[in-house]
Amino acid sequence: RVANAMAPVQDLWNDHDILITPVTLEPAWTLGQDPAIKTGMFAAPFSFTGQPAIVIPAGWTDDGRPVGVQLVGRHGDDELLLHLAGQLQHQTKAHHQHPPQPA
């Protein structure tokens, strides 16, 4: 049944090289806040399919919370995914910023 449920995910790769998804339903939550309802299930399909996926910083909210994106590749395209993630991280320079410290 899992194989049948994952068929649409597998079919995507017939004409796509990379899939970009959100990481969570909302930007990062405040330290100490319960994240359970805000995380979403964006990584779950790729845990089942075993595809390479990586999360990189993509920017910041107006109040300084980090926002990431998940990049997913075809089976065996780990090197392409890592190369693209490195290029995007270099271009955005988001990895040089830090979120505000809690009060």
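Student: Quick question: what am I supposed to make of the overall build of the protein chain here?
Tutor: Helix and strand counts for the protein chain come out as three helices and three strands. If you list the helices and strands of the protein chain from N to C, you get α-β-α-β-β-α. For the protein chain, the residues scored as buried account for 19% of the 103 residues in total. Within the protein chain, contacts between residues separated by at least 24 positions form 57% of all contacts whose residues are at least 6 apart in sequence. Here the protein chain displays about 7,100 Å² of accessible surface, and carbon together with sulfur accounts for 58% of that area.

Student: I tried to follow the side chain of threonine 49 on my own but got confused; where do I start?
Tutor: Within the secondary structure layout, threonine 49 lies in helix α2 (residues 44-49). Overall, threonine 49 belongs to the buried group, its relative accessible area being 10%.

Student: Even after reading the chapter, I still don't get the pairing of strand β3 (residues 66-73), so can you show me in this structure?
Tutor: Working note: regular strand, side chains alternate between the two faces of the sheet. In terms of strand pairing, strand β1 (residues 18-22) meets β3 through five bridges, oriented antiparallel. Its bridge partner lying in β3, leucine 19 is registered against valine 72. Between strand β2 (residues 53-60) and β3, which pair antiparallel in sequence order, lie five residues; one of them, glycine 64, sits at a positive phi of approximately 90°.

Student: How should I be thinking about the side chain of threonine 61 in this particular structure?
Tutor: Considering the arrangement of structural elements, one finds threonine 61 in the loop between β2 and β3. Classification of threonine 61 as buried rests on a relative accessible area of 18%. Separated by 2.4 Å, the side chains of threonine 61 and aspartate 63 make a polar contact. If near-sequence neighbours (up to four positions away) are discounted, threonine 61 is found in contact with Pro27 and Val67.

Student: Is there a simple way to think about the sheet that holds β3 in this case?
Tutor: Strand order in the open sheet made by the three strands is β1-β3-β2, with antiparallel pairing throughout. Lying at the two open borders of the sheet, with one neighbouring strand each, are β1 and β2. For this sheet the average axis-to-axis angle between neighbouring strands, irrespective of direction, equals 30°. Where helix α3 (residues 78-92) meets the sheet, it contacts β1, β2 and β3, and its direction lies at approximately 10° from that of β2.

Student: Is there a simple way to think about the environment of isoleucine 54 in this case?
Tutor: Tracing the sequence through the fold places isoleucine 54 in strand β2. Judged by relative accessible area, which is 24%, isoleucine 54 ranks as partly exposed. When the C-alpha atoms of isoleucine 54 and valine 23 are compared, they prove to be 9.7 Å apart, with 31 residues separating the residues in sequence. Leave out the neighbours within four places in its chain, and isoleucine 54 touches Val69, Gln70, Leu71, Leu81, Leu82 and Ala85.

Rules behind the numbers
Residues numbered from 1 in each chain as written. Predicted model: local features only at pLDDT ≥ 70, side-chain atom pairs only at ≥ 80, totals over all residues. Heavy atoms only, no water. Helix = DSSP H or I, 4+ residues; strand = E, 2+ residues; numbered from the N terminus. Buried < 20%, exposed > 50% of the residue type's maximum accessible area, 1.4 Å probe, protein only. Contact = heavy atoms within 4.5 Å. Areas by Shrake-Rupley, 256 points an atom, 1.4 Å probe, with all protein chains shown as cover. Pairing = 2+ DSSP bridges. Polar contact = N/O pair within 3.5 Å; in protein donor to acceptor, adjacent residues only side chain to side chain. Axes fitted to C-alpha atoms, helices over the stretch in contact; angles between N-to-C directions.

Function-wise, these values are silent; they only describe arrangement.
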